[in-house]
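# Examining the three-dimensional arrangement
Each chain is listed here by its residues.
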Amino acid sequence: MINSPYIVFAAPDIHDEEINEVSACLRSGWLGTGPRVARFEAAFAGYKGVDASQVAGLNSCTAALHIAMLALELEPGSEVITTPLTFCATANAIIHAGLVPVLADVDPVTQNIDPAAIEAAITPRTSAILPVHFAGRPCEMDRITAIAERHGLALIEDCAHAIETEYKGRKAGTFGDFGCFSFYVTKNVATGEGGMVLGRDASRIARAKVLSLHGMSKDAWHRFSDSGYKHYQVVESGFKYNMMDLQAAIGIHQLARVEASWQRRQAIWSVYETALAHLPVTLPAPAAPETKHARHLFNLLIDPEASGITRDRFLEAMHEAGIGTGVHYLSLAEHPVYQERFGWRPEQWPHAMRLGRTTASLPLSPKLTEHDIARVCRATENCLTGG
């Protein structure tokens, strides 16, 4: 019997500021896309060091990825190279944009896409590269950018884990044509559901905003505000991807604490590194010089031969101890839908296959108390040593 409360994996750290802002939003009578979305966009642009015209708030990172590829007007049926060690949304967005995902294996240490594998995967049909900054660790963007430029390819960064990430003094999401961010409930900045697309070209972001709301020339805030009704025109067949003020109300204050939250996760990370160093598992590799790791996921690699326990049994044992864990991720090639559609087999990308079958992520929310952190460490040790 567990006497302590269950530790939810990646529980959001919600403060009174968010609750009060949501209450004010509800009382304002304006819940959809409006002034709070504009505030959140401006604050996010400021954090990334770009102009507010270069960002658009959306309802998910998946939407951001989809919209980015449409705004680039990539040739239908062309290939987009990405990593097999990612959430299915990365591949699904490529497919929904009318493009073909092509996988390039990861570096077994960093778990990020290997630039040499990208180069090897390029064909005459390749139109873009879509790297994912896995767990908040930046990809080797100098090499990847050079590859994209050399072959004339578009570059879209999946920054779902990487709001705070930096590479050689430059913020993730500012290297490519587009950077796509997630504010899902488990993310470092959470709005429940939500995303942001950041673009180098403000005109493409303007088109992304139109595409995100049915292809209309004006959003509801500008049609129904107190300045009077404004007519709109539908200029494209768009989507329903817009962010609501209710979401932005949370995000405004989450973003205001982004660095303080990062510092807290950094402190938890350091405790894990020290407390778990003696166990028969592989811990995350140190952050590379001249980079900032967003500390989004702390994932262990569990070798059954070394630890005497399978990854899946470890997950079960942690649950029994009252600790929530995650798997990030099974290789995309493990999933039936892609095997059936593209003929993928996990063995084609052996590093991603091995990592996906042995990885387990520990709780890393800034909401964790010192008691919670000690429980996670104690349970991890007990599960791995039979204690």
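Residues numbered from 1 in each chain as written. Predicted model: local features only at pLDDT ≥ 70, side-chain atom pairs only at ≥ 80, totals over all residues. Heavy atoms only, no water.

## Here we look at helix 15 (residues 370-385)
A rise of 1.5 Å per residue sets the reference length of helix 15, with its 16 residues, at 22 Å; its end C-alpha atoms lie 23 Å apart and thus fit the reference within 8%. Turning to helix 15, its buried residues are Asp372, Ile373, Arg375, Val376, Cys377, Ala379, Thr380, Cys383 and Leu384. Contact partners of the buried residues in helix 15: helix 10 (258-276), strand 11 (298-301), helix 11 (304-307), helix 12 (311-320) and strand 12 (359-362). A positive phi of about 75 degrees marks Gly386, the residue just after helix 15. (Helix = DSSP H or I, 4+ residues; strand = E, 2+ residues; numbered from the N terminus. Expected span 1.5 Å × (residues − 1). Buried < 20%, exposed > 50% of the residue type's maximum accessible area, 1.4 Å probe, protein only. Contact = heavy atoms within 4.5 Å.)

## A closer look at unusual backbone geometry
Residue Tyr329 is reached from His328 by a cis peptide bond, and omega for that bond is -5 degrees. Relative to the helices and strands, Tyr329 is located in the loop between helix 12 and helix 13 (336-342). Even without a glycine there, the phi angle at Ala10 is positive, about 60 degrees. By secondary structure assignment, the location of Ala10 is in the segment before helix 1 (16-28). Residue classification places Ala10 among the buried residues on the basis of a relative accessible area of 13%.

## Structural notes on the nonpolar core
If you look at the biggest cluster of nonpolar residues, it comprises 30 residues, and the most contacted ones within it are Met69, Ile156 and Val197. Mapped by element, the contributors of at least two residues to this core are strand 1 (55-58), helix 3 (61-71), helix 4 (88-96), strand 4 (126-130), strand 5 (154-158), strand 8 (178-182) and helix 7 (202-211). Sort the elements by how many residues they give to this core and helix 3 lands first, with eight residues. Other than its neighbours up to four places away in sequence, Val197 contacts Gln54, Val55, Ala56, Leu58, Ala64, Ala68, Phe178, Gly179, Cys180 and Ile205. Among the nonpolar cores identified, the runner-up in size contains 26 residues, and Tyr272, Phe314, Val376 and Ala379 belong to it. (Core = buried A, V, L, I, M, F, W, Y, C linked by side-chain atoms within 4.5 Å.)

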